[in-house]
Amino acid sequence: MVGKPLGVVMAVRLATLSSRTKLPDGLSWSALTGLGLLAGVGFTIALFLTSLAFTDPAIASAARVGILAGSLIAALAGLGLLWLVLHKNDENRVAQSKHVA
């Protein structure tokens, strides 16, 4: 739950520090972190490796449940963070447009 989001954010951070690259307009570091959390949803390879690694059906079933639960948690955390960040951005835009008008 930490590795993929951290890897996504740090890779982008290194790219922005080591070159003239910058985040696209409208993309915040918080939103990028939410996208990194969504990267934790991938479970196909983990399920495949579980089928190869465990011969005991009880252990394999427990591993599958853990993999699917971890993916569900990553999806909910990523969607929740993105909803909060994007909702906050929408509120800021509405507030700015009221000041301009």
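Whatever comes next refers back to the structure up there.
Because the structure is predicted, anything quoted here is derived from the model rather than measured. Residue positions are counted from 1 within each chain, in the order its sequence is given. Per-residue local features are limited, in this predicted model, to residues with pLDDT of at least 70; the limit for side-chain atom pairs, both in listing and counting, is 80 or more; totals at the level of whole chains, interfaces and linings are taken over all residues. The side-chain quantities take in all heavy atoms of the structure and omit both hydrogens and water.

What follows deals with the overall build of the protein. Helix and strand definitions here come from DSSP, where helices need a minimum of 4 consecutive H or I residues and strands a minimum of 2 consecutive E residues; each element is numbered from the N-terminal end. Helices and strands together make up the secondary structure of the protein, namely four helices and zero strands. For the protein, with 101 residues in total, the buried portion stands at 19%. Residues are treated as being in contact if the distance between any of their heavy atoms lies within 4.5 Å. Taking all contacts inside the protein whose residues are at least 6 apart in sequence as the whole, residues at least 24 apart take part in 65%. By element, 71% of the accessible surface of the protein is carried by carbon and sulfur atoms, the whole surface being about 7,200 Å². Relative accessible area decides the class of each residue, using a 1.4 Å probe on protein chains only: under 20% of the type maximum gives buried, over 50% gives exposed, and in between gives partly exposed. Only the protein chains shown count as cover for residues, and the accessible areas themselves come from Shrake-Rupley with a 1.4 Å probe.

This part takes up the pattern of salt bridges. For this document, the term salt bridge refers to a Lys or Arg side-chain nitrogen within 4 Å of an Asp or Glu carboxyl oxygen. Tallying each qualifying case throughout the model produces one salt bridge. A salt bridge links Lys22 to Asp25; its shortest N-O distance comes to 3.6 Å. Owing to a relative accessible area of 61%, Lys22 belongs among the exposed residues under this scheme. Relative accessible area serves as the criterion here: at 72%, Asp25 is assigned to the exposed category.

Mapped onto the elements of the fold, Thr16 is located in helix 1 (residues 3-18). In this structure the side chain of Thr16 is engaged in a polar contact, spanning 2.8 Å, whose partner is the backbone oxygen of Arg13. Once you skip the residues sitting within four places of it in the chain, Thr16 turns out to touch Thr21, Lys22, Leu23 and Trp29. Here a polar contact is recorded for every N or O atom pair within 3.5 Å, except that within protein the pair must consist of a potential hydrogen donor and a potential acceptor, and residues adjacent in sequence are included only if both atoms are side-chain atoms.

Between helix 1 and helix 2 (residues 29-39), the shortest axis-to-axis distance is 7 Å and the interhelical angle comes to 135 degrees. Taken together, the axis directions place helix 1 and helix 2 in an arrangement best described as oblique. Of the two elements, helix 1 crosses helix 2, and the hand of that crossing is right-handed. Listed contacts from helix 2 to Lys4, Pro5, Val8, Val9, Val12, Arg13 and Thr16 of helix 1 are Trp29, Leu32, Thr33, Gly36, Leu37 and Ala39. Gly falls in the polar group here, along with every residue not listed as nonpolar (Ala, Val, Leu, Ile, Met, Phe, Trp, Tyr, Cys, Pro) or charged (Asp, Glu, Lys, Arg). Partitioned by chemical class, the residues of the contact of helix 1 with helix 2 number eight nonpolar, three polar and two charged. To define axes, lines are fitted to C-alpha atoms, for helices over the stretch in contact only, and angles between the resulting N-to-C directions are given on a 0 to 180 degree scale. Oblique is the label for every angle not falling under 35 degrees (roughly parallel), over 145 degrees (roughly antiparallel), or within 65 to 115 degrees (roughly perpendicular). Here is the rule for handedness: rotate from the far helix to the near one, and if that takes an anticlockwise turn smaller than a right angle the crossing is left-handed, while a clockwise turn gives right-handed.

Our next topic: the side chain of Ser71. Mapped onto the secondary structure, Ser71 falls in helix 4 (residues 57-100). Not counting residues up to four positions away in its chain, the partners in contact with Ser71 are Gly40, Val41, Gly42 and Phe43.

What follows concerns the environment of Leu23. Tracing the sequence through the fold places Leu23 in the loop between helix 1 and helix 2. On the basis of relative accessibility, which here comes to 14%, the residue Leu23 falls in the buried class. Between the C-alpha atom of Leu23 and that of Arg13, which follows or precedes it by ten residues, the distance is 9.2 Å.

Together, Met1, Val2, Leu6, Met10 and Ile73 make up a nonpolar patch on the protein surface, roughly 510 Å² of accessible area in all. Structurally, Met10 can be placed in helix 1. Judged by its relative accessible area of 41%, Met10 is partly exposed. Patches were defined on residues exceeding 30% relative accessible area and lacking a salt bridge, with like-charge contacts within 9 Å and nonpolar side-chain contacts (Val, Leu, Ile, Met, Phe, Trp, Tyr) within 5 Å.

Treat this as a map of the structure, not an account of what it does.
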